[in-house]
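# Close look at the chain arrangement
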Amino acid sequence: MSSKSAINKEIFAPHDERMLVAVQVKRRTRKKIPFLATGGQGEYLTFICLSVTNKKPLQVSITKVKQFEGSSSFVRRSQWMLDQLRQVNGIDPNRDCVEFDLMFDNAFDQWTAGSPSEKGTFFQILHNACQRYLSDRKPEFINCKVLTGNSILHSAADSVTSAVQKASQALNERGERLSRAEEKTEDLKNSAQQFAETAHKLAMKHKC
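Described below are features of the structure shown in this document. (Residues numbered from 1 in each chain as written. Predicted model: local features only at pLDDT ≥ 70, side-chain atom pairs only at ≥ 80, totals over all residues. Heavy atoms only, no water.)

## Considering the overall build of the protein chain
A tally of helices and strands in the protein chain yields four helices and eight strands. Along its sequence from the N terminus, the protein chain presents helices and strands in the succession α-β-α-β-β-β-β-β-β-α-β-α. When the 208 residues of the protein chain are sorted by exposure, 28% land in the buried category. Look at the contacts in the protein chain between residues 6 or more apart in sequence, and 51% of them connect residues 24 or more apart. When the accessible area of the protein chain is evaluated, it comes to approximately 13,900 Å², of which 52% is carbon and sulfur surface. (Helix = DSSP H or I, 4+ residues; strand = E, 2+ residues; numbered from the N terminus. Buried < 20%, exposed > 50% of the residue type's maximum accessible area, 1.4 Å probe, protein only. Contact = heavy atoms within 4.5 Å. Areas by Shrake-Rupley, 256 points an atom, 1.4 Å probe, with all protein chains shown as cover.)

Put into structure tokens, the structure is as follows:
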């Protein structure tokens, strides 16, 4: 069983929730926590998870889950409701970076994901959840190199527009070629008619 499947089974399923996505992260800036506050538990893995309740009214939350070194179990740590999320910062939209920031009403964390693709998947599902479950006061997504539903539609519309423009240009060029061909045909027809008339006159002259 993968870590993410285990998290869903241990942390969310017992509370009648289902996990939508999780991303393994490391904190970019370590918080200064007294040794006694950590209980001396040593190193740990951190996951940022997005989950939703199975029963209505649907509640969507973002949860920080940890797995301490030497333990096979997971521990639920901080948790925020989705409507507490204020900003998602992808740091750099021009390259595949792993860094991102999450800003809540009462917290701000700077993270590093395991890979750009893992970060991208988390961002896309998080954005879709915000669009689906939040009616107002949606968080701001900035510096995000991620295709959202709107951008996909815009890209598709741009592609269709480009295709229509190319087709129209091709038809115009074809029309111009057809027009020139028709003009040439008409010229040839006129020339042939004139030649026929001239030939007929010559024939009549020689006959006389």
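## A look at the packing of aromatic side chains
Under the defined criterion, the tally for this structure stands at six aromatic pairs. Taking the centre distance of 6.1 Å and the plane angle of 75 degrees together, the rings of phenylalanine 47 and phenylalanine 74 count as edge-to-face. Residue phenylalanine 47 is located in strand β2 (residues 44-53), and its partner phenylalanine 74 is located in the loop between β3 (60-68) and β4 (75-81); the two are separated by 27 residues in the primary sequence. Grouping residues by exposure puts phenylalanine 47 and phenylalanine 74 together as buried. An angle of 85 degrees between the planes, with centres 5.5 Å apart, marks the rings of phenylalanine 100 and phenylalanine 123 as edge-to-face. Of this pair, phenylalanine 100 sits in strand β6 (residues 99-104) while phenylalanine 123 sits in helix α3 (residues 116-133), and the two are 23 residues apart along the sequence. (Phe/Tyr/Trp six-rings, centres within 6.5 Å; stacked < 30°, edge-to-face > 60°.)

## Overview of the sheet that holds strand β7 (residues 108-113)
Taken in spatial order, the eight strands make up an open sheet running β4-β3-β2-β1-β7-β6-β5-β8, and their pairing is mixed. Sheet topology places β4 and β8 (140-142) at the edges, where each strand pairs with a single neighbour. Sheet twist, expressed as the average angle between the axes of neighbouring strands with direction ignored, equals 30 degrees. In terms of strand pairing, strand β5 (residues 85-89) meets β6 through four bridges, oriented antiparallel. Paired with glutamine 87 across the two strands is methionine 103, which belongs to β6. Across the sheet, helix α1 (residues 3-12) lies against β1 (17-27), β2, β3 and β4, angled at about 120 degrees from β1, the strand it touches most. Sitting on the sheet, α3 is in contact with β1, β2, β3, β5, β6, β7 and β8, with an inclination near 135 degrees to β1. (Pairing = 2+ DSSP bridges. Axes fitted to C-alpha atoms, helices over the stretch in contact; angles between N-to-C directions.)

## Some details on the pattern of salt bridges
This model, assessed by the stated rule, comprises eight salt bridges. Arginine 137 is the partner of aspartate 105 in a salt bridge, and the nearest nitrogen-oxygen pair spans 3.8 Å. Taken together, the residues span a long stretch of sequence, with aspartate 105 in the loop between β6 and β7 and arginine 137 in the loop between α3 and β8 at a distance of 32 residues. Residue classification places aspartate 105 among the partly exposed residues on the basis of a relative accessible area of 42%. One salt-bridge network, in which partners are shared between bridges, spans Arg86, Asp105 and Arg137. (Salt bridge = Lys/Arg side-chain N within 4 Å of Asp/Glu carboxyl O.)

## A few points about the environment of lysine 26
Examined against the element boundaries, lysine 26 turns out to sit in strand β1. Setting aside residues up to four positions removed in sequence, lysine 26 forms contacts with Gln110, Trp111 and Thr112.

## Focus on the state of the cysteines
Using the criterion set out here, one finds zero disulfides in the structure. No disulfide involves cysteine 144; its nearest neighbouring cysteine sulfur is the one of cysteine 97, lying 9.2 Å away. (Disulfide = S-S within 2.5 Å.)

## A word on the layout of surface pockets
Approximately 170 Å³ is the volume found for the second largest pocket. Leu58, Gln59, Val60, Met81, Leu82, Asp83, Tyr133, Leu134, Ser135 and Asp136 together form the lining of the second largest pocket. Residue classes in the lining of the second largest pocket are distributed as six nonpolar, two polar and two charged. (1 Å grid on protein atoms, 1.4 Å probe; cavity = no way out; pocket = protein on both sides within 12 Å on 5 of 7 lines; lining within 4 Å. Points joined across faces, edges and corners; volume = space filled by probe spheres on them. Nonpolar A, V, L, I, M, F, W, Y, C, P; charged D, E, K, R; others polar.)

## A look at the environment of glutamine 67
Considering the arrangement of structural elements, one finds glutamine 67 in strand β3. Owing to a relative accessible area of 14%, glutamine 67 belongs among the buried residues under this scheme. Considered as a pair, glutamine 67 and tyrosine 44 are 23 residues apart in the sequence and their alpha carbons are 5.4 Å apart. Of note is the side chain of glutamine 67, whose polar atom sits 3.2 Å from the backbone oxygen of serine 71. (Polar contact = N/O pair within 3.5 Å; in protein donor to acceptor, adjacent residues only side chain to side chain.)

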